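This is what each chain is made of:
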Amino acid sequence: MTSVLRSPDCRDDNHRKCDGQAWDDDTDALASCGCTCHFDPTH
Ligand SMILES: [Zn+2]
Ligand SMILES: [Zn+2]
């Protein structure tokens, strides 16, 4: 199973609150939120 990095906001279904950034625990660095809500302009 592939896990996409998502911000806590997107994980909680608060997609409108997410600013497109998420913390990557693996690299300890700021990363882009990989939730599909940021890729679909019609959403
Ligand atoms: Zn989202
Ligand atoms: Zn997001």
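Figured I'd write up the structure that's included with this text. (Residues numbered from 1 in each chain as written. Chains lettered and ligands numbered in written order. Predicted model: local features only at pLDDT ≥ 70, side-chain atom pairs only at ≥ 80, totals over all residues.)

### What to know about the overall build of the protein
No. 1: Tallying secondary structure elements over the protein gives one helix and two strands in all.
No. 2: Walking the protein from its N terminus toward its C terminus, one meets helices and strands in the order α-β-β.
No. 3: Counting over 43 residues, the protein shows a buried share of 12%.
No. 4: When contacts within the protein are restricted to residue pairs at least 6 apart in sequence, those whose partners lie at least 24 apart make up 31%. (Helix = DSSP H or I, 4+ residues; strand = E, 2+ residues; numbered from the N terminus. Buried ≥ 20, exposed ≤ 12 C-beta atoms within 10 Å, placed from the backbone. Contact = placed C-beta atoms within 7 Å.)

### Some remarks on the pairing of strand S2 (residues 29-32)
No. 1: Bridge count between strand S1 (residues 21-24) and S2: four bridges; the pairing is antiparallel. Bridge pairing in S2 links Ala22 to Ala31.
No. 2: Here S1 hands over to S2 after four residues, with Asp28 in that stretch at a positive phi of 55°. (Pairing = 2+ DSSP bridges.)

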